[in-house]
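Each chain, written out:
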Amino acid sequence: MLDLISHPAEHVVAMKAGGIVTGSELQRAIDAIEVAKRNHPLISLVVEIDDLRLMTLTALLKDVGYGLTQLGDLEHYHRAAVVTDQAWIQLVADLEERLFKAVEIRTFASHEHAAAMAWAAELPPGAHENPEEDGYHGA
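We now turn to the structure provided with this report.

Cut-offs used in this document
- Residues numbered from 1 in each chain as written.
- Predicted model: local features only at pLDDT ≥ 70, side-chain atom pairs only at ≥ 80, totals over all residues.
- Heavy atoms only, no water.
- Helix = DSSP H or I, 4+ residues; strand = E, 2+ residues; numbered from the N terminus.
- Expected span 1.5 Å × (residues − 1).
- Buried < 20%, exposed > 50% of the residue type's maximum accessible area, 1.4 Å probe, protein only.
- Arc of directions from axis to C-beta.
- Contact = heavy atoms within 4.5 Å.
- Pairing = 2+ DSSP bridges.
- Axes fitted to C-alpha atoms, helices over the stretch in contact; angles between N-to-C directions.

1. Considering helix α1 (residues 23-39)
The terminal C-alpha atoms of α1 lie 24 Å apart, and with 17 residues this matches the ideal 24 Å at 1.5 Å per residue to within 8%. When we look at burial in α1, the residues that qualify are Gly23, Glu25, Leu26, Ala29, Ile30, Ile33, Ala36 and Lys37. Seen end-on, α1 carries its buried residues on one side only, within an arc spanning 160°. Facing away from the buried side of α1 by more than 90 degrees, the exposed set consists of Arg38 and Asn39. The elements touched by buried residues of α1 are β1 (2-5), β2 (12-21), β3 (43-55), α2 (57-70) and β4 (77-84).

2. Some points on the sheet that holds strand β5 (residues 104-108)
The sheet built from five strands is open, its strands ordered β1-β2-β3-β4-β5 with mixed pairing. Lying at the two open borders of the sheet, with one neighbouring strand each, are β1 and β5. Mean inter-strand twist for the sheet, computed between neighbouring axes without regard to direction, equals 20°. Relative to β5, β4 runs parallel, the two sharing five bridges. Bridge pairing links valine 82 to threonine 107 in β5. With respect to the sheet, α2 is in contact with β2, β3 and β4, its orientation differing from that of β3 by roughly 155°.

Honestly, it's all geometry; don't read function into it.
What follows is the structure in structure tokens.
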């Protein structure tokens, strides 16, 4: 199961995964990411992972394929918050943090869900679509 979940910041794509993830579920998440990338110069992700058992072969191939296409597009990604209590997923997230320096990746325990959502919503100075959010209030 992979479901999109709501987030108050439009540049954040949030999702929850658990059990068995199918290709069609993963495609919905990919579509949401692509829409966010078209509408915002920087996007962030929140991925809650609870008792993830496996991905179908279609989902796995789609995930790897999409991930490879994004290697040349990392400038559109700001942060990825991974919310999980599963140690092996925390290890994978830490490895990805080291491999993909362009994207900040941080793991949060399940009880830190609100902190993960807030952290993902933060944008660097100058990246806000509304200049007043960057401190500009006119001449």
